[in-house]
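# Chain and residue survey
Now for the letters of each chain:
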Amino acid sequence: FTAVKVRWLAYRLPRWPLRVLDYGCGTGTLLKQWARERPDDARMGVDISPEMLWRARVGASILTLLRTPKSALNYWSGTCNVVVLSGVLHHVKPSERAAVLSECCRLLKPGGELVIFEHNPRNPFVRWGVKHTAIDKNAVLLNDEEAAKARLSMVNQELARTGEEIRAACDALALARGREESR
């Protein structure tokens, strides 16, 4: 499914080179596929597992792989065109998911895109697979209400960011007018 996801994203994103972050990159499968589809994009991955990052480095031409904590991501604030979470949120404790989404939004440039691919909890095969897969041992699938809240949270954060940009532009305009009037 990774190739399909990346092709879909590559089709709908702007054609100029982008800065892409795979948040929870695991073994780097998505980033390696991204390199085949969009080789000019800067690709970065973060994950909490050193073993996964070690496996991601094998055969990868990825710009940066980083083990989080969040403080390590501070210098990426507002620098990413796209942040992708692919099969990540069900591994995050439900009480911590809003903070993860907020962190991902902080990493986006104004107008950037947060893309979330998550398992469909209504699909009985997905539920069975999550229940019987070692990596999903403590996973908690998202429910409909949580998914709706996540979408609303992202919209509100984008509106807040846009409001800040408008205020900054208005302040700059007022400053420029003040300079003209004082001449």
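Relevant structure appears above.
The notes below deal with the structure included here. (Residues numbered from 1 in each chain as written. Predicted model: local features only at pLDDT ≥ 70, side-chain atom pairs only at ≥ 80, totals over all residues. Heavy atoms only, no water.)

## Topic: the packing of aromatic side chains
- Summed over the entire model, instances satisfying the criterion amount to one aromatic pair.
- For the ring pair tryptophan 8 and phenylalanine 117, a centre distance of 6.2 Å and an interplane angle of 75° mean the geometry is edge-to-face. You can see tryptophan 8 sitting in helix α1 (residues 2–12) and its partner phenylalanine 117 sitting in strand β5 (residues 108–117), a full 109 residues away along the chain.
- Residue tryptophan 8 is classed as partly exposed on the basis of its relative accessible area, which comes to 45%.
- For phenylalanine 117, a relative accessible area of 17% puts it in the buried group. (Phe/Tyr/Trp six-rings, centres within 6.5 Å; stacked < 30°, edge-to-face > 60°. Helix = DSSP H or I, 4+ residues; strand = E, 2+ residues; numbered from the N terminus. Buried < 20%, exposed > 50% of the residue type's maximum accessible area, 1.4 Å probe, protein only.)

## So, the environment of arginine 38
- Mapped onto the secondary structure, arginine 38 falls in the loop between α2 (29–37) and β2 (42–47).
- What makes arginine 38 buried here is its relative accessible area of 7%.
- Considering only alpha carbons, one finds arginine 38 and arginine 15, 23 residues apart in sequence, at a separation of 8.9 Å.
- Leave out the neighbours within four places in its chain, and arginine 38 touches Ala10, Leu13, Pro14, Arg15, Trp16, Leu18 and Arg43.
- A polar atom in the side chain of arginine 38 sits 2.8 Å from the backbone oxygen of proline 14.
- At 2.5 Å, the side chain of arginine 38 and the side chain of aspartate 41 are in polar contact. (Contact = heavy atoms within 4.5 Å. Polar contact = N/O pair within 3.5 Å; in protein donor to acceptor, adjacent residues only side chain to side chain.)

## Observations regarding the packing of α1 against α2
- As a packed pair, α1 and α2 sit with axes 9 Å apart at the nearest point and diverge in direction by 50°. Here α1 lies oblique to α2, going by the angle between them. At the point where α1 passes α2, the crossing takes the right-handed sense. Along the contact surface, α1 presents Thr2, Ala3, Val6, Arg7, Leu9 and Ala10, while α2 presents Thr29, Leu30, Gln33, Trp34 and Glu37.
- Taken together, the residues of the contact of α1 with α2 sort by class into six nonpolar, three polar and two charged. (Axes fitted to C-alpha atoms, helices over the stretch in contact; angles between N-to-C directions. Parallel < 35°, antiparallel > 145°, perpendicular 65-115°, else oblique. Left-handed = near helix turned anticlockwise from the far one by under 90°. Nonpolar A, V, L, I, M, F, W, Y, C, P; charged D, E, K, R; others polar.)

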